[in-house]
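# Breakdown of the fold
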Amino acid sequence: MSFVLTTHLENSPSLCCVTLFLETRPELFSGGRTRSSDRTMDLGLAEDHFSRPVGSFVASDIEQLKLAIEECKKLILELPEHSERQKDTVVKLIHLRLKLQELKDPEEDEPNLRVLLEHRFSKEKSKSVKQTCDKCSTIIWGLIQTWYTCTGCYYRCHSKCMNLITKPCVRSKVSHQSEYELSICPEIGLDRQDYRCAECRAPVSLRGIPSEARQCDYTGRYYCSSCHWNDIAIIPARVIHNWEFEPRKVCRSSMRYLALMMPRPVLRLKEINPLLFNFVEELVEIRKLRQDILLMKPYFITCKEAMEARLLLQLQDRQHFVENDDMYSLQDLIDISSGRLSCSLTEIHTTFAKHIKLDCERCQAKGFVCELCKEGDILFPFDSHTSVCHDCSAVFHRDCYYDNSTTCPRCARMTERKQDDV
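Summary of the structure given here. (Residues numbered from 1 in each chain as written. Predicted model: local features only at pLDDT ≥ 70, side-chain atom pairs only at ≥ 80, totals over all residues. Heavy atoms only, no water.)

### Notes on the overall build of the chain
- Tallying secondary structure elements over the chain gives 14 helices and 17 strands in all.
- Per-residue burial over the chain gives 41% buried out of 422 residues.
- Across the chain, every contact between residues at least 6 apart in sequence was considered, and the portion connecting residues at least 24 apart equals 59%.
- Approximately 24,800 Å² of the chain is accessible, and the part contributed by carbon and sulfur atoms is 51%. (Helix = DSSP H or I, 4+ residues; strand = E, 2+ residues; numbered from the N terminus. Buried < 20%, exposed > 50% of the residue type's maximum accessible area, 1.4 Å probe, protein only. Contact = heavy atoms within 4.5 Å. Areas by Shrake-Rupley, 256 points an atom, 1.4 Å probe, with all protein chains shown as cover.)

Below, the structure written as structure tokens:
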């Protein structure tokens, strides 16, 4: 005797009828290869779905669906392993479980936008992408379940889990507190946490009873398996103090916070760890390029051609590069370590210098002539062989001008004029 399960859909999308056939044809149990027509019949694709077969019963509620699933699981164990009939039965089992889930979570008219704990949840329309609910840690079946994603921190959850959420949106923390934890794994110990998860306060222990305690390398705290999925991320404190970029295990909230903070320029390296420039040559190179770009910026602001060409927009992804030369984002440091930032910034620096020194006559007219030797080409403050007066910004050859021993002719003239005016 064999069990063949087929699924019938009626007018209501949430109602299904599962038909259980009891057949006694011994040829269906043969160990030989099943023909394609037999497989079609087994899958129920060639049957009349508008008539009720003889010798069947209808499973129209959750309990009967569960019984049909159990019978299907038993049949899978009884059939020969890796056989075609076993594969067909596994497919039927999947459909039965999907229909059972559909009956448990009937589709309702859900709002497209919901606001909860500073989350702005948007209803997702994708049906084929498989995601995991951040609340219950189970798979979201987009075909039959309604789910939402926070547009701020990308928190995903079932519609049925919305009212159970206790975690506020991480983006609000980024907006109000844009700073990193700069201590390396500041652990306080499980006893200080009262042997509870630092986020949901569920009981945890290192032995895994009742739940495994997992440490977040960013906060140093311990979390339960629902709040810590062993995600990995680069830790800012390890980068700043040790120039270490190996990803470490972090909890879910820390992973989202670090992802949102990554492009934000909140690290002032010369105050946090100024010795880092003595050991990382790439940082010195990037700092020099940024200083040159800041010296080029006044040329572009007053140049009509540069404004029309929108040259400064080449740095729109790193806006802080045209505002200061000492603030860095975590993404900047990662790109410096990999060498990507040096290549891209050198190319932009070359483009900017070419416009000022070769392409634009107006910018060339704003160059300087060394007043000490009065020889050589036109000088610009971003040239590598020049020195700039800190008081009046006049440009000289580096060999001609020394900050301590040489008097700036331009500063001397300005001082004389002030005395004459008095």
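### Considerations on the packing of aromatic side chains
- Counted under the stated rule, the structure contains seven aromatic pairs.
- Look at Tyr-299 and Phe-382: their rings are 6.3 Å apart centre to centre, the planes differ by 80°, and that puts the pair in the edge-to-face class. Placement of Tyr-299 in helix α9 (residues 281–301) and of Phe-382 in the loop between α13 (361–364) and β16 (386–388) is noted, with a sequence separation of 83 residues between them. The pair Tyr-299 / Phe-382 is uniform in exposure class, with both members buried.
- Arranged with centres 5.6 Å apart and planes meeting at 20°, the rings of Phe-380 and Phe-382 form a pair that is stacked. Both residues of the pair, Phe-380 and Phe-382, belong to the buried class.
- Taken together, Tyr-299, Phe-380 and Phe-382 form an aromatic cluster joined through their ring pairs.
- Directly above the aromatic system of Tyr-257 lies the positively charged group of Lys-173, at a separation of 4.6 Å from the ring centroid. (Phe/Tyr/Trp six-rings, centres within 6.5 Å; stacked < 30°, edge-to-face > 60°. Lys NZ or Arg CZ within 6 Å of the ring centre and 35° of its normal.)

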